[in-house]
Amino acid sequence: MSKKIDVKVEIIADTIVVGPPKLTRFEKARIIGARGLQIALGAPILIRIKKDITDPIIIAEEELMKNVLPLTVARLLPDGKYQNIPLSWLIKGV
Amino acid sequence: MAFKLPKIIDALQFGLLSPDEIRKMSVVRVITADTYDEDGTAIPSGLMDGRLGTIDPGQRCKTCGNRVGECEGHFGHIELARPIVHVGFNKKIYKILRAICRECSRILLTEEEVYENKQKILKYEKRWEQANTDLINEILKKAAKIVTCPHCQALQSKIKLEKPTTFFEEIKASKKSKVTERKKLSPSDVRDRMERISDDDCLLLGINAKHARPEWMVLTVLPVPPVAMRPSITLESSIRSEDDLTHKLVDIIRINQRLRENIEAGAPQLIVEDLWELLQYHVTTYFNNEVSGIPPARHRSGRALRTLTQRLKGKEGRFRSNLCGKRVDFSSRTVISPDPNLSINEVGVPLEISMQLTIPEKVTEWNIEELKELIMRGPASHPGANYIIRQEGLRIDLRFVKEKRNVADSLEPGFIVERHLKNGDIVLFNRQPSLHRMSIMAHKVKVMPYRTFRLNLCVCPPYNADFDGDEMNLHVPQSEEAQAEARTLMLAQEQISSPRYGGPLIGANWDYISASYLLTKKESFFSRKEAMQFIVSSGFNKDLPEPEIKEPEELWSGKQIFSLFIPEDTHYTNTAKICQKCTECLEEKCENDAYVTVRNGILKTGVIDKKAIGSQQEGSLLGRILIDQGNDVAREFLDAITKLFIRVLSYKGFTVGFWNVDIPKEAKTRIDEILDDAEKETRETIDAYRQGILERLPGRTFDETLEMKIMEILSKSRTTASDVAGEYLGMENEAVIMAKTGARGSMLNLGQMAACLGQQSVRGARIKRGFRDRTLPHFKPGALDAPSRGFVRNSFRRGLTPIEFFMHACGGREGLVDTAVRTSTSGYMQRRLIHALLDIKAEYDGTVRDANGEIIQFIYGDDGIDPAKSEHGKSVNIDAVIDRVLKTTVEE
Ligand SMILES: [Mg+2]
Ligand SMILES: [Zn+2]
Ligand SMILES: [Zn+2]
Ligand SMILES: [Zn+2]
């Protein structure tokens, strides 16, 4: 049985070196969920949006698509190395 | 609520409880058979003694001082006046008794054998970390056959187990004597013998003496479970009703008491033995009230008691019902019914259900006004709310609020409002058996009247649902994270493509297919009024193109109308389902209009049928749109065309009836001739067989040859008869339209209805079982001809004779049995496969690993392709690319 990795080493690079060049659907779901929660708790929204749209999830999705979220995706490899990737790098490909 | 972990488990060891251990863990020795006295207080040293824990909300436990939730209860014990055999171990005790000496209790093997086997067992245990049960069973069997003890030379006697718990010994006077004396072994005798077994010998008997001494299988002390395990309930009439286990324990204590008193008073042996046996009965039924050989203990009302084993066993038992099965809040279940006006992404939720299921919404300064309105509407009218949770965690039930205005006004940011389900909320929709991931998909709520869940017909295939009474479950994700995941990963439109074979699993079916054929076939033209009707009912506003026929009347072809819904930039070439598979395909000039070409979103030639828009079709138009234009476009396309087709079909009218399988007289005569010939040929073959002049097929016996020949003749005759009927059933026949376009049924089915039902079979052969040498008494013994072996000459149209009907029922029954057997075995195989693969995951470095991080594949599927996003398993569809490039540029 392989050992659990506790040591985490950050990979510093100015391109995406871990994982695919675009946002995976799982990352997308995670980000929309996290941002949706913020909005549901009353965080101010970062884009102009039609008055009748009130669902936090829809707003979060819209924000993600407009690339206004200052978030970082941490992609962790099974060997403990990881890269922090600015969300905007991943959005370009979408 | 913070959850206190009582203990952290790092290892589990199973074993038997020793009498000492039982006493050690006991907080009270129970000696009184009564539970409560007149004023309702628990009797000390009774079965409800306060030290056993508390079930009364107001009281504190007398042992640990905790209240109901925190105190998990404490065991007591009963000192049994005489040892009692534990039913659960009767077989094991029996096996051991047979394998040991009745005098010295050594295992009946020589020292050498003992040593040898011991080494084997230890080696096996070290290597595999489990007992070598095969070897142990062998040892037990071998030892049971020994007649004289190798250690003390005592003559052994045969041990008999009389189920469930009585042991007998058949003693012989000498080795040679035939007369045996039958003597009962009391539990005390049994226990004495087992006490003398050495720890080393235990190993050979399959027992680890460290955790379980064999004599512990005969009880001297009985644990009394805490009251939390057998709570009493107070009925309305304030009469206490005790748990079945308590009833049983009362019996045990009472008899135990009487037994002890009798022994102490020196009562006659007979009386003591009777009481002992009675105590054995009560303890046995306390463990298991369904053992064979003794009547189950019953309640006063005559109901059998539900004791320990019954609590665990079976579908309603602890394992299957409470440990493997969990029930959840925020869920509902009802019958499903179809609604073609819904999107595939939607689910119709009955109003009543939408007012029971809630979503918690945090009050913020942005939504406070909206939520106040919901509160004012309350729990009884639709977009309302059921509960408010204040910041300090206090729940306000809006059902009991008189002044809603006050509550609404007191609302402030930070509160949580549990509001009704409303249109657009995301929910999970599920139909059992949940065999693949498409069995649970996310849908958007559409609140509707009436009491069924409504769903679009295109999502029937992934759920494998129909509307003959099927029920489905609905779950409401509560947190924003859960809702986001459901929406992005599980929404029905994200599941159109199946991960099993890169093609759409969600697609048009049945009537949609018939309608698409009727709309897009060559000769279908529509006036401006009709065309506009169709387009409007699709829910989309599209301009009509130039009419295909301008004089004398403006007429639009069905292909033109359908083309409005195909997304621009769609290119597609394929044959239709109705294709006759001509030897030389005329392609665009096909006579049957079976060559479908779509150029830049315009349907140029061909009819649209199952191959273009159906579910589970490879290389379909729907699949093309899905891959080229994405889920959103594909969903819009599907939603629009299905609504269009419904309108077209109800405008044109479509029905199936008796006339669809009615064929002219000349056809009937031809079919009769064919069948007469076949039956004659069969008779001739049988004659040849009887005379022994039938030529044997290579590698076959005469019987097999005959059967094969007959089967061939008859099946050929059925096919020809069907074909003859088919000649008279043209494309204007609704049943034929359905069969040819792939909407429902097949030409084979039609042939069976119109021409001849054909040979019925059981186990892949002609029906041969029934009476001796014949299937039914209507035939001569040894009959081999067609009718006697299940050939049905008639059609469903003409009707079956009673004999034919019987033969048909034989075949039908086999079908039913097969499906029943197949589902259960394949279900179990699926379960085990899923269990083996369940936590395999693709990591960011592309490797596929199991839960321990071990690599299973270096790249997923060895090609890194997600089958759901592939072109039928391949990464590129060259034909589609060539088609797109060549066919479009040539035209320009
Ligand atoms: Mg059904
Ligand atoms: Zn307690
Ligand atoms: Zn002996
Ligand atoms: Zn053709």
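To be clear, the structure that these remarks concern was listed above.
Attention here is on the structure that accompanies the text. (Residues numbered from 1 in each chain as written. Chains lettered and ligands numbered in written order. Predicted model: local features only at pLDDT ≥ 70, side-chain atom pairs only at ≥ 80, totals over all residues. Heavy atoms only, no water.)

### So, the overall build of chain B
For step 1, the next point in the chain: Across its full length, chain B holds 27 helices and 31 strands.
For step 2, the next point in the chain: Rg of the C-alpha trace for chain B: 39 Å, well past the compact-globule value of 29 Å for 892 residues, more than 25% over.
For step 3, the next point in the chain: Counting only C-alpha atoms and orienting by the principal axes, one finds that chain B spans roughly 120 × 100 × 60 Å.
For step 4, the next point in the chain: Within chain B, the proportion of its 892 residues that are buried is 45%.
For step 5, the next point in the chain: Pairs at least 24 apart in sequence give 66% of the contacts found in chain B among residues at least 6 apart.
For step 6, the next point in the chain: For chain B, the exposed surface amounts to about 48,800 Å²; the carbon and sulfur share of it is 53%.
For step 7, the next point in the chain: Positive and negative side-chain charges of chain B, numbering 129 and 127 respectively, have mean locations separated by a distance of 6 Å. (Helix = DSSP H or I, 4+ residues; strand = E, 2+ residues; numbered from the N terminus. Rg over C-alpha atoms; globule rule 2.2 N^0.38 Å. Buried < 20%, exposed > 50% of the residue type's maximum accessible area, 1.4 Å probe, protein only. Contact = heavy atoms within 4.5 Å. Areas by Shrake-Rupley, 256 points an atom, 1.4 Å probe, with all protein chains shown as cover. Lys, Arg positive; Asp, Glu negative; His and termini not counted. Charge placed at Lys NZ, Arg CZ, Asp CG, Glu CD.)

### Observations concerning the packing of helix α17 (residues 528–537) of chain B against helix α21 (residues 631–652) of chain B
Residues and elements named next belong to chain B.
For step 1, the next point in the chain: It is the contact of α17 with α21, at a shortest axis distance of 7 Å, that shows an interaxial angle of 140°. What the angle tells us is that α17 and α21 run oblique. In this structure, α17 crosses over α21, and the sense of that crossing is right-handed. Only K643, L644, R647, V648 and Y651 of α21 make contact with α17, whose side of the interface consists of E530, Q533, F534, I535 and S537.
For step 2, the next point in the chain: When grouped by side-chain class, the residues that make up the contact of α17 with α21 number 5 nonpolar, 2 polar and 3 charged. (Axes fitted to C-alpha atoms, helices over the stretch in contact; angles between N-to-C directions. Parallel < 35°, antiparallel > 145°, perpendicular 65-115°, else oblique. Left-handed = near helix turned anticlockwise from the far one by under 90°. Nonpolar A, V, L, I, M, F, W, Y, C, P; charged D, E, K, R; others polar.)

### Brief notes about the coordination of the zinc ion (ligand 2)
Residues and elements named next belong to chain B.
For step 1, the next point in the chain: Donor atoms from the polypeptide that coordinate the zinc ion (ligand 2) comprise C61 (SG), C64 (SG), C71 (SG) and H74 (NE2), at 2.0 to 2.3 Å from the metal.
For step 2, the next point in the chain: Every donor counted, the 4 donor atoms about the zinc ion (ligand 2) form angles of 103 to 113° at the centre, which fits tetrahedral coordination.
For step 3, the next point in the chain: Mapped onto the polypeptide sequence, the residues donating to the zinc ion (ligand 2) form the spacing pattern C-x2-C-x6-C-x2-H. In this pair, C61 is assigned in the loop between α1 (19–25) and β1 (76–85) and H74 in the loop between α1 and β1, connecting sequence segments 13 residues apart. Comparing C61 with H74, the two get one shared label, buried. (Donors = N, O, S within 2.8 Å, 3.2 Å for Na, K, Ca; no water. Tetrahedral: all angles 85-135°; square planar, octahedral: opposite > 155°, others 65-115°.)

### Description of unusual backbone geometry
Residue and element names in this part refer to chain B.
For step 1, the next point in the chain: P433 follows Q432 through a cis peptide bond whose omega is 0°.
For step 2, the next point in the chain: Structurally, P433 is set in the loop between β14 (426–430) and β15 (440–448).
For step 3, the next point in the chain: Across the junction of E551 and P552, the peptide omega takes the value -10°, indicating a cis bond.
For step 4, the next point in the chain: Among the secondary structure elements, P552 is positioned in the loop between α17 and β21 (556–557).
For step 5, the next point in the chain: One non-glycine residue, D862, adopts positive backbone phi at about 65°.
For step 6, the next point in the chain: For D862, the position within the fold is in the loop between β31 (855–857) and α27 (878–891).

### What to know about a nonpolar patch on the surface
Residue and element names in this part refer to chain B.
For step 1, the next point in the chain: On the surface, a nonpolar cluster with roughly 520 Å² of combined accessible area is contributed by V876, I878, V881, I882, V885 and L886.
For step 2, the next point in the chain: Summarising the element assignment, I882 is placed in helix α27.
For step 3, the next point in the chain: When its relative accessible area of 41% is taken as the criterion, I882 is described as partly exposed. (Patch = residues over 30% accessible without salt bridge, like charges linked within 9 Å, V, L, I, M, F, W, Y side chains within 5 Å. Salt bridge = Lys/Arg side-chain N within 4 Å of Asp/Glu carboxyl O.)

### Looking at the layout of surface pockets
For step 1, the next point in the chain: What the second largest pocket holds in volume is close to 950 Å³.
For step 2, the next point in the chain: Looking at the second largest pocket, it is lined by 39 residues, and the ones nearest its centre are I53, T54, D55, P56 and I59 of chain A.
For step 3, the next point in the chain: Going through the elements one at a time, α1 (25–40) and α2 (56–65) of chain A together with β10 (358–362), α12 (368–377), β15 and α15 (480–490) of chain B are the ones with two or more residues in the lining of the second largest pocket.
For step 4, the next point in the chain: A class-by-class count of the residues in the lining of the second largest pocket yields 16 nonpolar, 8 polar and 15 charged. (1 Å grid on protein atoms, 1.4 Å probe; cavity = no way out; pocket = protein on both sides within 12 Å on 5 of 7 lines; lining within 4 Å. Points joined across faces, edges and corners; volume = space filled by probe spheres on them.)

### Quick word on the pattern of salt bridges
Residues and elements named next belong to chain B.
For step 1, the next point in the chain: Going through the model one piece at a time under the given rule, you end up with 57 salt bridges over all chains.
For step 2, the next point in the chain: A salt bridge links E392 to R390; its shortest N-O distance comes to 3.1 Å.
For step 3, the next point in the chain: R635 serves as the salt-bridge partner of D632, at 3.3 Å between the closest nitrogen and oxygen. One end of the pair, D632, and the other, R635, are both in helix α21, 3 residues apart, so they sit about a helical turn from each other.
For step 4, the next point in the chain: For D632, a relative accessible area of 44% puts it in the partly exposed group.
For step 5, the next point in the chain: Counted as one network, the salt bridges with shared partners bring together D569, R624, D628, E871 and R884.

### Focus on the nonpolar core
All names here are of chain B.
For step 1, the next point in the chain: Counting 78 residues, the largest nonpolar core has F429, L474, F562, I613, L621, F637 and F645 as the members making the most contacts within it.
For step 2, the next point in the chain: Ranked by residues supplied to this core, first place goes to α21 with 9 residues.
For step 3, the next point in the chain: Not counting residues within four places of it along the chain, the set of residues in contact with I613 comprises G507, A508, I513, S516, I608, L622, F637, I641 and F645.
For step 4, the next point in the chain: In terms of nonpolar packing, the next biggest core, distinct from the first, is built from 38 residues, A99, C202, L205 and I207 among them. (Core = buried A, V, L, I, M, F, W, Y, C linked by side-chain atoms within 4.5 Å.)

### Considering the coordination of the zinc ion (ligand 3)
Residue and element names in this part refer to chain B.
For step 1, the next point in the chain: Coordination of the zinc ion (ligand 3) by the protein is provided by C101 (SG), C104 (SG), C149 (SG) and C152 (SG), with metal-donor distances spanning 2.2 to 2.3 Å.
For step 2, the next point in the chain: For the zinc ion (ligand 3), the 4 donor atoms are set out with angles of 103 to 117° between them, so the coordination reads as tetrahedral.
For step 3, the next point in the chain: All donors of the zinc ion (ligand 3) belong to a single chain; written as a sequence motif, their spacing is C-x2-C-x44-C-x2-C. Of the two residues, C104 sits in the loop between α2 (90–99) and α3 (111–128) while C152 sits in the loop between α4 (133–144) and β2 (158–162), which places them 48 residues apart along the sequence.
For step 4, the next point in the chain: Residue class for C104 comes out partly exposed when judged on its relative accessible area of 25%.

### Some remarks on a negative patch on the surface
Residue and element names in this part refer to chain B.
For step 1, the next point in the chain: A cluster of acidic residues, E673, D677, E681 and E712, forms a negative patch at the surface.
For step 2, the next point in the chain: Per element, the largest residue contribution to the negative patch is 3 residues, and it comes from helix α22 (residues 665–691).
For step 3, the next point in the chain: Within the secondary structure, D677 sits in helix α22.
For step 4, the next point in the chain: Judged by its relative accessible area of 53%, D677 is exposed.

### Digging into the interface of chain A and chain B
For step 1, the next point in the chain: Facing 28 residues of chain A, the contacting portion of chain B comprises 22 residues.
For step 2, the next point in the chain: Interface of chain A and chain B: buried area, both sides summed, is about 2,100 Å²; carbon and sulfur atoms make up 61% of it.
For step 3, the next point in the chain: Looking only at chain A, the three residues that lose the most surface to chain B are R25, I57 and P78 of chain A, adding up to 26% of its buried area.
For step 4, the next point in the chain: Counting the contacts that link chain A with chain B gives 1 salt bridge.
For step 5, the next point in the chain: Across the pair R487 of chain B and D55 of chain A runs a salt bridge, and its minimum N-O distance is 3.4 Å. (Buried area = accessible area lost by both parts, 1.4 Å probe.)

### Focus: the environment of R683 of chain B
Residues and elements named next belong to chain B.
For step 1, the next point in the chain: Relative to the helices and strands, R683 is located in helix α22.
For step 2, the next point in the chain: Relative accessible area serves as the criterion here: at 44%, R683 is assigned to the partly exposed category.
For step 3, the next point in the chain: Counting along the chain gives 27 residues from R683 to I710, while the straight-line C-alpha distance between them is 9.1 Å.

### Let's talk about the side chain of R431 of chain B
Residues and elements named next belong to chain B.
For step 1, the next point in the chain: Relative to the helices and strands, R431 is located in the loop between β14 and β15.
For step 2, the next point in the chain: You can call R431 buried: its relative accessible area is 15%.
For step 3, the next point in the chain: Non-local contacts of R431, meaning those with residues more than four positions away in its chain, are made with S439, Y463, N464, A465, D470, E471 and M472.

### A short note on the sheet that holds strand β3 (residues 81–86) of chain A
For step 1, the next point in the chain: Judged by pairing direction, the sheet is mixed, and its 3 strands sit side by side in the order β1-β3-β2 (chain A) without closing on themselves. Looking at strand neighbours, the two that pair on one side only are β1 (9–10) and β2 (72–76) of chain A, the edges of this open sheet. (Pairing = 2+ DSSP bridges.)

### Some details on the pairing of strand β9 (residues 346–350) of chain B
Residue and element names in this part refer to chain B.
For step 1, the next point in the chain: For β9, a buried count of 5 out of 5 residues is recorded, marking the element as mostly surrounded by other parts of the structure.
For step 2, the next point in the chain: Bridge count between β9 and β15: 5 bridges; the pairing is parallel. Each bridged residue has a counterpart across the sheet, and for E346 the counterpart in β15 is K444.
For step 3, the next point in the chain: With 2 bridges joining them, β9 and strand β16 (residues 453–455) adopt antiparallel strand pairing. Within the sheet, the bridge partner assigned to V347 lies in β16 and is L455.

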